[in-house]
Amino acid sequence: MIVDATAALFGALAGLAGRNTILGDHVDVWGSSHTVRLTLVVAALAWLGLLGRNGAYASRYVGAGSEEYRAVTRSAFGLVALIAFASFALQLEFSRGILLLTVPAMMGATILGRYMVRRRLVRQRHAGLHLRPTLVVGDARAALDAAHRIHSDPATTGMKVAALCVTDLSDPVLKTDNTAGFPVLGTELDTLEVVDRVDVAAVAVASSPTMAGHALRRLGWALEQRDVDLLVAPGVVEVAGPRLTMRRAAGLPMLHVERPVQSGWRYSLKLFGDRVLGAAALVFLAPILLALAVLIRRDSQGPVFFRQERVGEGGRVFSMYKFRTMVPDAEARLAELRTASEGNGVLFKMRSDPRVTRVGAVLRRFSLDELPQLINVVRGEMSLVGPRPPLASEVDLYESDAVRRLRVRPGMTGLWQVSGRSDLSWLDSVRLDLWYVDNWSLALDAQIILRTARAVFRGNGAY
């Protein structure tokens with residue numbers, strides 16, 4: 001709230017000061033009319049109220065997902081509507097120019113401040129701080145899976161597994177080493193006793209044949225008296241929140257899972273935007289591309305571009321362009337290096353590949369070798385954001401699930417790019433691409449593009 005209040009103050013002052021320089025008016029920031037200053041103070045207070053009303057302070061949103069930022073955006077539109085209505089109803093002399101500058105400044109400063117707070121919170125959660133102790137209840141296999149997922153991503157969940165309560169203590173799954181670090185303290189019937197003994201802040205119910213219906217309802221009542229949160233895992237994995245909506249049928253709550261967006265006006269807008277932005281990027285980066293081409297030719301003999309057949313949307317094969325980063329006979333020397341591969345078992349990767357040229361190593365470090373793929377984007381063969389474009393030999397090894405990666409155009413960047421690139425295992429790479437295909441949105445594309453800049457600058461997993 002301190003960050004948001006500071007952002008609101010910044011927006012109010014920016015609206016007054018910016019009017020002088022941007023809009024050409026001459027308004028004394030501190031000597032403005034009493035009505036204008038009072039309206040800005042009210043707007044700053046209304047900003048905090050709208051943020052709270054839209055869930056920006058809900059603990060389940062802070063530090064994870066994009067809902068926190070959506071709440072900020074909704075609050076900005078709400079503030080514009082509120083000021084417009086108040087100005088009309090009360091006949092206030094409030095400049096639309098000041099409003100035009102104030103609200104975007106408030107929203108931008110708020111998003112930036114919350115991003116900085118979030119990064120700090122993520123670091124602290126990875127260090128084991130600010131995590132809510134959670135009891136996981138359910139079938140042994142489902143409970144263990146949920147516990148491992150919570151444990152693997154504390155920054156997003158904000159939880160740590162304190163204990164498990166399972167349906168059957170004799171379940172063979174519990175005899176494996178998968179329970180390491182997760183004490184099993186009883187059965188589902190012992191849930192409330194364990195809650196009181198361990199002093200947890202939340203109870204997460206995984207898939208269970210017995211913990212449902214009236215039993216789950218009674219558990220919720222008991223936890224409410226203890227001020228303990230109840231979370232229920234629906235059993236639908238790898239599906240983002242926007243695709244899930246709650247419906248009721250004769251009092252029975254049901255989750256409706258929307259179909260993935262792979263057509264319609266939003267997807268058409270993505271494809272159109274890809275070509276427009278790709279063409280603009282080619283024109284803007286033309287001097288840099290020319291300079292890189294000269295460096296490649298001066299560094300080693302051979303063509304500037306490297307062409308390789310890749311599999312695109314719907315299984316269509318196309319020629320993907322990259323700057324050449326290896327010696328001309330790199331493909332011929334691949335067989336002798338196979339045993340030294342440091343890849344994920346499917347892709348060949350070496351951290352110190354002897355075939356990479358001096359300039360090529362720099363290009364790979366900052367992903368500059370991939371810039372010619374803008375040509376493929378303009379031609380409609382690739383997208384700016386999407387799954388990694390696979391080789392035909394990789395597609396031949398695909399299982400039935402992995403084929404879904406070919407339902408959309410491959411991208412120059414994607415979740416694989418911002419999540420580790422070559423350091424990812426094959427299964428993680430496939431999982432990220434499938435998650436993208438199933439949960440695509442324009443907002444997700446924008447988020448990935450912003451994260452790509454940071455990943456490229458750091459160069460993690462680029463070799």
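All values reported here derive from a predicted model rather than from experimental measurement.

J.: Please explain the overall build of the protein as it appears in this structure.
T.: Looking only at helices and strands, one finds 17 helices and 11 strands in the protein. By residue count, 44% of the 463 residues in the protein fall in the buried class. Expressed as a percentage of contacts within the protein between residues at least 6 apart in sequence, the contacts between residues at least 24 apart total 69%. When the accessible surface of the protein is totalled, it reaches about 25,500 Å², and 61% of it is carbon and sulfur.

J.: I would appreciate a short explanation of the sheet that holds strand β1 (residues 132-138) in the present structure.
T.: As a general point, the strands of a sheet are linked pairwise by backbone hydrogen bonds and lie either parallel or antiparallel. Strand order in the open sheet made by the five strands is β3-β2-β1-β4-β5, with parallel pairing throughout. Bordering the open sheet on either side are β3 (184-187) and β5 (229-232), each of which pairs with just one other strand. Along the sheet, successive strands turn relative to each other by an average axial angle of 30°, direction set aside. Where helix α8 (residues 213-225) meets the sheet, its contacts fall on β4 (202-205) and β5, and the angle it forms with β5 comes to roughly 155°.

J.: Would you mind going over the pairing of strand β2 (residues 159-166) with me for this structure?
T.: Looking along a regular strand, one sees side chains alternate from face to face of the sheet. Where burial is concerned, most of β2 is hidden: six out of the eight residues are buried. The pairing of β1 with β2 spans seven bridges and is parallel. Residue pairing in the sheet places L135 in a bridge with A163 of β2. Where β2 and β3 come together, three bridges link them in parallel fashion. In the strand pairing of β3, V166 is matched with T187.

J.: Looking at this structure, I do not really get the packing of helix α10 (residues 286-299) against helix α12 (residues 358-365). What am I missing?
T.: Each pair of packed helices can be described by the angle between their axes along with the distance between the axes. Where α10 meets α12, the closest approach of the two axes is 8 Å, and the angle between their N-to-C directions is 145°. Together, L292, L295, I296 and D299 of α10 and R358, V359 and L363 of α12 make up the contact between the two elements. Tallied by class, the residues present in the contact of α10 with α12 amount to five nonpolar, no polar and two charged.

J.: So what exactly am I meant to see when it comes to unusual backbone geometry here?
T.: Glycine aside, residues mostly have negative phi angles, and peptide bonds mostly take the trans form. We note that D199 has phi near 60°; this positive angle belongs to a residue other than glycine. One non-glycine residue with positive phi stands out, namely S367, at about 60°. Here S367 shows up in the loop between α12 and α13 (373-378).

J.: Got a minute to help me understand the pattern of salt bridges in this structure?
T.: The final tally for this structure, using the stated rule, is 16 salt bridges. Residue E381 is joined to R379 by a salt bridge in which the shortest nitrogen-to-oxygen separation is 3.1 Å.

J.: What am I meant to see in the confidence of the model for the protein here?
T.: Any residue range with low pLDDT should be treated as having predicted coordinates unsuitable for detailed reading. Predicted confidence across the protein gives a mean pLDDT of 80, with 78% of residues reaching 70 or more. Element-level pLDDT for the protein is lowest in helix α11 (residues 334-337), with a mean of 66, against a maximum mean of 95 in α13. Within the model, the stretch residues 27-32 combines pLDDT values under 50 with 11 contacts to residues more than four positions away or in other chains.

J.: Honestly, empty space enclosed by the protein in this entry has me stumped. Any pointers?
T.: One simple way to see leftover space: roll a probe sized like a water molecule over the atoms. This structure, assessed with the given rule, holds one cavity of 30 Å³ or more. Here the largest cavity defines a volume of roughly 50 Å³. For the largest cavity, the full set of lining residues is V311, G312, E313, P387, R388, P389, P390, Y398, R405, L406, V408 and P410.

J.: Even after reading the chapter, I still don't get the environment of F318, so can you show me in this structure?
T.: Turning to its location among the elements, F318 is positioned in strand β9 (residues 317-323). In this structure F318 comes out as buried when scored by relative accessible area, which is 5%. A C-alpha to C-alpha distance of 10.0 Å links F318 and P389, two positions 71 residues apart in sequence. Sequence-distant contacts of F318, defined by excluding residues within four places in its chain, comprise Q308, E309, R310, V311, G312, N376, E381, M382, P389 and P410.

J.: Help me understand the environment of S170, please; the structure alone is not making it clear to me.
T.: Tracing the chain through its elements places S170 in the loop between β2 and β3. Judged by relative accessible area, S170 falls into the partly exposed class, the value being 48%. Once the C-alpha coordinates of S170 and A140 are considered, the two residues, 30 residues apart in sequence, prove to be 9.5 Å apart. One polar contact links S170 to D168, side chain to side chain, over a distance of 2.7 Å.

J.: What should I look at first to understand the nonpolar core in this one?
T.: A general tendency of soluble globular proteins is for nonpolar side chains to be buried together. Core analysis: the biggest nonpolar cluster contains 30 residues, and F323, Y436 and I448 have the highest contact counts within it. In terms of residue count, the dominant contributor to this core is α10 (four residues). If sequence neighbours within four positions are ignored, F323 has contacts with L289, L292, A293, I296, V304, F305, F306, L363, L368, D369 and P372.

J.: Before we go on, may I ask you to explain the pairing of strand β8 (residues 305-311) in this structure?
T.: When β8 meets β9, the two strands line up antiparallel, connected through seven bridges. Looking across to β9, one finds that Q308 is bridged to M320. Where β8 folds back on β9, the antiparallel hairpin that results is connected by five residues, among which G314 adopts a positive phi of roughly 70°.

J.: Where do I start with the side chain of K270 in this structure?
T.: Inspection of the secondary structure puts K270 in helix α9 (residues 264-284). Setting aside chain neighbours within four positions, we find K270 in contact with S383, V385, Y436, W440, L442 and D445.

J.: Looking at this structure, how should I read a nonpolar patch on the surface?
T.: A cluster of nonpolar side chains, contributed by W265, L269, F272, V276 and L442, occupies part of the molecular surface with about 540 Å² of accessible area. A per-element tally of the nonpolar patch places α9 first, with four residues. Mapped onto the secondary structure, L269 falls in helix α9. When its relative accessible area of 42% is taken as the criterion, L269 is described as partly exposed.

About the criteria used
- Residues numbered from 1 in each chain as written.
- Predicted model: local features only at pLDDT ≥ 70, side-chain atom pairs only at ≥ 80, totals over all residues.
- Heavy atoms only, no water.
- Helix = DSSP H or I, 4+ residues; strand = E, 2+ residues; numbered from the N terminus.
- Buried < 20%, exposed > 50% of the residue type's maximum accessible area, 1.4 Å probe, protein only.
- Contact = heavy atoms within 4.5 Å.
- Areas by Shrake-Rupley, 256 points an atom, 1.4 Å probe, with all protein chains shown as cover.
- Pairing = 2+ DSSP bridges.
- Axes fitted to C-alpha atoms, helices over the stretch in contact; angles between N-to-C directions.
- Nonpolar A, V, L, I, M, F, W, Y, C, P; charged D, E, K, R; others polar.
- Salt bridge = Lys/Arg side-chain N within 4 Å of Asp/Glu carboxyl O.
- pLDDT = per-residue confidence, 0-100.
- 1 Å grid on protein atoms, 1.4 Å probe; cavity = no way out; pocket = protein on both sides within 12 Å on 5 of 7 lines; lining within 4 Å.
- Points joined across faces, edges and corners; volume = space filled by probe spheres on them.
- Polar contact = N/O pair within 3.5 Å; in protein donor to acceptor, adjacent residues only side chain to side chain.
- Core = buried A, V, L, I, M, F, W, Y, C linked by side-chain atoms within 4.5 Å.
- Patch = residues over 30% accessible without salt bridge, like charges linked within 9 Å, V, L, I, M, F, W, Y side chains within 5 Å.

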